[in-house]
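As a plain string of letters, each chain reads:
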Amino acid sequence: GCLLLWLLPSVLRAQSSGEPRPRPMPCQQSPVKVSCKGAGLRRFPKELGQGVKYLELSDNFIQNLSGSYMPEVGQLEYLDMSFNKLEAVSATTLAQLPRLHALLLGSNHLDRNYVANGRALHLLRNIEVLDLSANNLESHMAGWYISNLTGLRALDLSRNKMTRLPAGIFWSTPRLRKLDLSNNYIMEIEEGAFEALEELEVLNLALNSLHCISGFSLMQLRVLNLSHNALEHFVSEEGAEPYLLQVLDLSHNRLLYFPELPGAHYLTHLNLSNNLIASLLPGSHHPREFVLLYEEMARFNRTWHTAAGLTRVADLDLSNNRLQLFPFTLFHSLGSLHSLSLAMNCLQDVAGEPLASGTEPSDRSPALSVRSLDLHDNAIRVLPHWFFQSLPQLETINLGSNSLQPCGSDRGGNSGGDSHTPAPAGTCTPFYNVPRLKHLSLYKNNITRLLPYAFNQTSLLSLDLSGNEDLFVPKEALGGLEFSLQKLSLRGNQMGDSKAELPCLDTLKVLDLSGNNLSLLPAGLSCSPLESLDVCNNRLLTLEKLTSWSHSLKDVSIAGNPFSCCSLAWLDT
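Rules used in this analysis
- Residues numbered from 1 in each chain as written.
- Predicted model: local features only at pLDDT ≥ 70, side-chain atom pairs only at ≥ 80, totals over all residues.
- Heavy atoms only, no water.
- Helix = DSSP H or I, 4+ residues; strand = E, 2+ residues; numbered from the N terminus.
- Buried < 20%, exposed > 50% of the residue type's maximum accessible area, 1.4 Å probe, protein only.
- Areas by Shrake-Rupley, 256 points an atom, 1.4 Å probe, with all protein chains shown as cover.
- Arc of directions from axis to C-beta.
- Contact = heavy atoms within 4.5 Å.
- 1 Å grid on protein atoms, 1.4 Å probe; cavity = no way out; pocket = protein on both sides within 12 Å on 5 of 7 lines; lining within 4 Å.
- Points joined across faces, edges and corners; volume = space filled by probe spheres on them.
- Nonpolar A, V, L, I, M, F, W, Y, C, P; charged D, E, K, R; others polar.
- Core = buried A, V, L, I, M, F, W, Y, C linked by side-chain atoms within 4.5 Å.
- Patch = residues over 30% accessible without salt bridge, like charges linked within 9 Å, V, L, I, M, F, W, Y side chains within 5 Å.
- Salt bridge = Lys/Arg side-chain N within 4 Å of Asp/Glu carboxyl O.
- Lys, Arg positive; Asp, Glu negative; His and termini not counted.
- Charge placed at Lys NZ, Arg CZ, Asp CG, Glu CD.
- Disulfide = S-S within 2.5 Å.
- Polar contact = N/O pair within 3.5 Å; in protein donor to acceptor, adjacent residues only side chain to side chain.
- Axes fitted to C-alpha atoms, helices over the stretch in contact; angles between N-to-C directions.
- Parallel < 35°, antiparallel > 145°, perpendicular 65-115°, else oblique.

A. Inspection of the overall build of the protein at higher detail. A count of helices and strands for the protein gives seven helices and 30 strands. The buried share of the protein, taken over its 573 residues, is 46%. A total accessible area of about 27200 Å² is found for the protein, and carbon and sulfur atoms account for 52% of it.

Shown next, in the form of structure tokens:
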């Protein structure tokens with residue numbers, strides 16, 4: 001209260017003396033471009049100059065686009081008035097802009113006076129790019145605004161209040177190539193709504209309320225985003241001509257089955273994450289799984305037929321579904337598949353082809369071309385010994401948050417080992433002799449002990465063993481990685497000094513030992529050319545070994561250790 005009374009006289013003096021208010025930020029101007037973004041303007045800036053072609057007026061307070069406020073802008077080609085208070089557009093004004101080809105009016109109040117505003121926009125005969133996003137427009141308002149704009153190539157109607165797409169809404173915009181209808185409330189698309197858009201290449205319908213897509217017939221479309229809807233079915237028509245679709249995003253829906261895409265021969269990216277897909281295989285190895293009925297067999301046949309046509313798919317995301325089996329059989333036909341994610345499912349087993357003669361799937365089926373595989377957050381206990389043989393191109397695999405136990409081997413990369421007995425066959429997974437594998441993550445797998453030469457003849461560049469509480473890493477466990485491993489994480493394992501026995505890793509550059517119970521750094525590290533070292537939250541009293549990396553170390557994290565104040569000479573390093 002005292003402060004307010006003390007300030008009040010000076011405020012009153014400023015008002016009575018007529019001191020000027022702070023001036024708006026000046027515009028940045030060049031011969032053809034003027035930017036007044038966030039300049040506090042309430043009307044068009046004056047004296048723009050005759051040759052201005054690009055005018056940016058976003059983030060201001062302009063309410064009216066009226067001729068009485070505008071200078072000569074007949075050469076204008078690009079006008080950005082997004083994030084203003086715009087609610088009235090003058091036809092007289094827009095008639096003075098014959099060369100305008102891009103008009104950005106997003107985040108205004110164009111739901112007001114929409115009839116008169118629409119008439120004004122109809123005068124823009126050469127407009128190619130129009131942004132009407134976030135204007136509270138309902139379906140009929142949006143349809144009125146774009147009627148008669150026959151030259152439009154890109155249209156943004158996202159973040160409005162559209163609930164349906166009537167059959168004739170795009171009849172007057174046949175040249176559209178890019179259409180954004182995301183973040184509306186669209187529940188219904190009438191038959192023929194897109195029929196006039198024969199040149200449409202990119203369509204965004206994400207964040208709406210669509211429940212079913214059937215009879216999809218946009219043959220020329222390249223990119224389709226239907227994520228964040230309520231889709232339970234997606235069925236495309238099988239015609240004489242193939243679809244040109246390359247990117248399809250159906251993530252965050254309620255799909256129960258693999259979508260039916262019989263003619264999508266050009267598809268390269270397919271996102272089916274965050275759905276309810278429970279199975280891609282017709283058979284069941286466990287009685288708890290669904291019983292194969294005639295309808296299920298028919299559906300699998302369609303899925304198989306779909307997959308057989310997806311020969312160009314390079315990126316397939318099936319993460320966060322309800323799959324219980326890794327369906328190797330389905331993926332065999334995807335000859336171009338490089339990146340596959342089955343993370344956050346219910347995977348417990350890997351399913352190969354039915355074994356008719358006792359042979360393994362890898363002997364009977366073509367190998368997968370996958371280079372990156374994500375299987376984190378599942379319930380996998382073991383991978384069969386033919387698993388990596390069926391993935392000869394695999395370079396990166398994430399197996400975090402499963403229950404896998406690595407097998408041991410001898411120096412030659414054969415199962416077995418020295419005096420340490422490996423885990424019984426069928427209960428561990430062999431990670432040795434996988435020559436192409438470069439990046440392996442086994443975080444949070446409840447691994448308590450690594451067996452000798454667990455990764456021998458697998459030239460790993462990075463290895464993540466974090467989150468395996470009370471892990472014991474004997475010196476021989478990382479044998480075979482001495483001349484390849486560059487990054488190692490043993491974070492959060494609660495390892496004591498006797499549990500971390502690292503060999504001499506000649507190429508190790510990044511080491512994370514944070515979240516353990518170390519009072520000494522592991523022996524053998526002195527020969528590694530470390531560049532980054534994290535030893536946070538341990539029990540270290542000193543770091544005298546830092547002198548070994550005085551020329552290579554670039555960053556070190558040491559917080560959360562009870563360092564002795566009497567022996568801090570290592571800080572000089």
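B. Broad picture of helix 3 (residues 114-121). Residues of helix 3 that are buried: N117, G118, A120 and L121. All buried residues of helix 3 lie within an arc of 155 degrees about the axis, which places them on one face of the element. In this structure, the buried residues of helix 3 make contact with strand 6 (88-89), helix 2 (91-94), strand 8 (129-131) and helix 4 (139-146).

C. Representation of empty space enclosed by the protein in the model. Following the criterion strictly, the structure yields one cavity of 30 Å³ or more and no others. The volume enclosed by the largest cavity comes to roughly 30 Å³. Taken together, F216, F234, S236, Y243, L245, L261 and A264 make up the full set of residues lining the largest cavity. Residues of the lining of the largest cavity, tallied by class, amount to six nonpolar, one polar and no charged.

D. Inspection of the nonpolar core at higher detail. Counting 142 residues, the largest nonpolar core has L181, F387 and F455 as its most contacted members. Contributions of two or more residues to this core are made by helix 3, helix 4, strand 14 (212-216) and helix 6 (328-331). The contacts of F455, once residues within four sequence positions are left out, are F431, Y432, L440, L442, L450, L460, L463, A477, L478, G479 and L481.

E. Layout of a negative patch on the surface. Among the surface-exposed residues, E191, E195, E198 and E237 lie close enough to one another that they form a single negatively charged patch. Tracing the backbone through its elements, the reader meets E237 in the loop between strand 16 (233-236) and strand 17 (247-249). Residue E237 is classed as partly exposed on the basis of its relative accessible area, which comes to 41%.

F. Expanded view of unusual backbone geometry. Unlike most non-glycine residues, H252 shows phi in positive territory, near 55 degrees. Structurally, H252 is set in the loop between strand 17 and strand 18 (269-271). Judged by its relative accessible area of 32%, H252 falls in the partly exposed class.

G. Layout of the state of the cysteines. For the structure on display, the rule yields three disulfides. Sulfur-sulfur distance for the disulfide between C407 and C428 comes to 1.9 Å. The sign of the 95 degrees torsion about the S-S bond sets the C407-C428 disulfide as right-handed. Here the residue C407 occupies a position in the loop between strand 24 (396-398) and strand 25 (439-441), and C428 occupies one in the loop between strand 24 and strand 25, the gap between them amounting to 21 residues. The pair C407 / C428 is uniform in exposure class, with both members buried. With its sulfur 1.8 Å from that of its partner, C504 forms a disulfide with C527. Of the two residues, C504 sits in the loop between strand 27 (487-489) and strand 28 (510-512) while C527 sits in the loop between strand 28 and strand 29 (532-534), which places them 23 residues apart along the sequence. According to the relative accessible area criterion, C504 is partly exposed, its value standing at 32%. Judged by relative accessible area, which is 30%, C527 ranks as partly exposed.

H. Geometry of the side chain of S227. Looking at the secondary structure, you find S227 in the loop between strand 15 (223-225) and strand 16. A polar contact is formed between the side chain of S227 and the side chain of N225, at a distance of 2.8 Å. Those residues in contact with S227, other than ones at most four positions away along the chain, are L205, A206, L207, D249, S251, H252 and N253.

I. Fine view of the environment of R112. Relative to the elements of secondary structure, R112 occurs in the loop between strand 7 (102-104) and helix 3. A sequence separation of 24 residues divides R112 from A88, and the C-alpha atoms of the two residues are 7.6 Å apart. Apart from residues lying up to four places away in sequence, R112 is in contact with E87, N117 and Y145.

J. Geometry of the packing of helix 3 against helix 4. Look at helix 3 against helix 4: their axes get within 8 Å of each other, and the N-to-C directions meet at 25 degrees. Judged by the inter-axis angle, helix 3 sits roughly parallel to helix 4. Residues Y114, V115, N117, G118, R119 and L121 of helix 3 touch helix 4, and the partners they reach there are H140, M141, W144 and Y145. For the contact of helix 3 with helix 4, the per-class residue count stands at six nonpolar, three polar and one charged.

Taken by themselves, the reported measurements are silent on function.
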